[in-house]
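As a plain string of letters, each chain reads:
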Amino acid sequence: MRAVGAEKKVGVVFFDKGGNTHYSERTMLDRVGIAYVATGRDRIDPVTNRFDFSIQQVDRDEAERGLEEARKMFKEGYDLVVLDEVNSTTDLKMMSVESVLALLDEKPENTEVVLTGRNAPDAFVDRAHLMTEMRLRKHYFYSGVPAREGIDY
């Protein structure tokens, strides 16, 4: 939001967040003019409403597509590119740490890149200029409370 307010060109690549019905934040991105690409499959079963934790080939293919979308944003002159959930995507072995590092090597000098998600690999932390750590200590999801629109998605 700050970058858009300063008239910067901002893009977000959502890793492992496919589907169109579970992500209310995208509505706001549309409203303020932040470009985004969602990769991954929809992991919420429409019948049971349960999350599918399995990792399939399509997840790996979609993760690689996310890296390509980030490369496009680099080439299109974005000032800020957010790689949302890229840390957890590598932690879950959907793509290699090396492939993300290779992407970072291609980053234009004037482009800021933000990597988000749990379990950032040491190689990302070593490369970072700034690192903030948020960690899960407790979540109602694990005690059976369903995700809520506008709060969790």
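Just above sits the structure.
Notes on the structure follow. (Residues numbered from 1 in each chain as written. Predicted model: local features only at pLDDT ≥ 70, side-chain atom pairs only at ≥ 80, totals over all residues. Heavy atoms only, no water.)

### Comments concerning the sheet that holds strand 3 (residues 80-84)
Thinking step 1. If you trace the four strands from one edge of the open sheet to the other, you get 2-1-3-4, paired in parallel fashion. Two strands lie at the open edges of the sheet, namely strand 2 (35-38) and strand 4 (112-115), each paired on one side alone. Between one strand axis and the next, the sheet turns through 15° on average, direction left out of account.
Thinking step 2. Where strand 1 (residues 10-14) lies against strand 3, five bridges are found, and the strand directions are parallel. (Pairing = 2+ DSSP bridges. Helix = DSSP H or I, 4+ residues; strand = E, 2+ residues; numbered from the N terminus. Axes fitted to C-alpha atoms, helices over the stretch in contact; angles between N-to-C directions.)

### A few points about the pattern of salt bridges
Thinking step 1. The full count for this structure, using the stated rule, is 11 salt bridges.
Thinking step 2. The partner of E62 in a salt bridge is R65, with the nearest N and O atoms 2.8 Å apart. Residue E62 and its partner R65 are both found in helix 3 (residues 57-75); the two are separated by three residues, about one turn of the helix.
Thinking step 3. Where K72 meets E69, a salt bridge forms, and the shortest distance between an N and an O atom there is 3.4 Å. (Salt bridge = Lys/Arg side-chain N within 4 Å of Asp/Glu carboxyl O.)

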